[in-house]
Amino acid sequence: MIPKLFRFAYYFSRHDNCPWEFNKNASNFRKTFQKKYQNLLRGIEGIKIAQGGYIAFGSKLYPGDIDIGEANNVSSGAILRGKVHTGANVRFGVNCHIAGPVTVGSDTMIGNSVSVFGFNHGTDTGSNMSEQPLVSKGIHIGDDCWIGANATILDGVVIGDHSIVAAGAVVTKSIPPWSIVGGVPARVLRDRRFANNLELLSA
Ligand SMILES: CC(C)(COP(=O)(O)OP(=O)(O)OC[C@H]1O[C@@H](n2cnc3c(N)ncnc32)[C@H](O)[C@@H]1OP(=O)(O)O)[C@@H](O)C(=O)NCCC(=O)NCCS
């Protein structure tokens, strides 16, 4: 009895952590369960989910203005809250935290434990931090981007299409398309189209 239950739990959690494997090897039971789960979420006001993809049972989509495009994968522990709008084929890694307003283009991968916060707290000295108002410009992450594990993207930033943010980077300023950026604060390492050519990015 116990090994069977263990096998079930293990198998169940596998796609929650590796949702890209779902279409390859999920059983019909799992597919039916996932469809039902997505339909359940679609019934909640403030959550829209297009068809396809995989929403981990262990992720959290908070009702508000969630609008997820076709075939998005949302892994276990991922939190999406506030206004979060995405294109098609976006992947949210394990334990990432996306607090809108955030828009994400199509075919973009957001790595494990990435933080994307589309707001700041005020910093005036007149009140305690806990009473500061929220200020927000919002964040846009373009098409075909890869945000590496543990990166943080701060409010007001636009990540240009086809860009890569290195693991652990803190992105404080907008970056042009095709950039690979890394470090704290993030700096352009190179243009993704070329092995070593920073000049092209500023051309
Ligand atoms: C950025 C990345 C894609 C590599 O890009 P690349 O252009 O091939 O980079 P290279 O390995 O040639 O390194 C270029 C420079 O960037 C630096 N660099 C690479 N990764 C870095 C990082 N995460 N943070 C800071 N600097 C980094 C290198 O040290 C090197 O610096 P140098 O020229 O002074 O020696 C890779 O390092 C990375 O961070 N990948 C994300 C991995 C990840 O998150 N995986 C989880 C799966 S979602």
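Here the structure is shown first, and the text comes after it.
Residues numbered from 1 in each chain as written. Predicted model: local features only at pLDDT ≥ 70, side-chain atom pairs only at ≥ 80, totals over all residues.

Engineer: How should the nonpolar core be read in this particular structure?
Structural biologist: Across soluble globular proteins, you tend to see nonpolar side chains buried next to one another. Residues Ile98, Ile159, Val165 and Val171 are the most contacted members of the largest nonpolar core, which totals 40 residues. If we ignore the near neighbours within four places in the chain, the residues touching Ile159 are Ile141, Gly142, Cys145, Ile153, Val165 and Ile175. (Core = buried A, V, L, I, M, F, W, Y, C linked by C-beta atoms within 7 Å. Buried ≥ 20, exposed ≤ 12 C-beta atoms within 10 Å, placed from the backbone. Contact = placed C-beta atoms within 7 Å.)

Engineer: Would you explain the site of the ligand in this entry?
Structural biologist: Taken together, 15 residues surround the ligand, and among them Gly111, Gly148, Ala149, Ala166 and Gly182 come closest. Breaking the shell around the ligand down by element, the ones donating at least two residues are β21 (179-182) and β22 (187-191). Among the residues making up the shell around the ligand, the classes are represented as 7 nonpolar, 7 polar and 1 charged. (Near = placed C-beta within 6 Å. Helix = DSSP H or I, 4+ residues; strand = E, 2+ residues; numbered from the N terminus. Nonpolar A, V, L, I, M, F, W, Y, C, P; charged D, E, K, R; others polar.)

Engineer: Any chance you could explain the pairing of strand β4 (residues 65-68) here in plain terms?
Structural biologist: Regular strands place their side chains on alternate faces of the sheet. On β4, burial follows the alternation: Ile66 and Ile68 on one face are buried, whereas Asp65 and Asp67 on the facing-out side are not. Bridge count between strand β1 (residues 47-49) and β4: 3 bridges; the pairing is parallel. Residue pairing across strands places Lys48 opposite Asp67, the latter belonging to β4. The pairing of β4 with strand β7 (residues 83-86) spans 3 bridges and is classified as parallel. If you follow Ile66 over to β7, its bridge partner there is Val84. (Pairing = 2+ DSSP bridges.)

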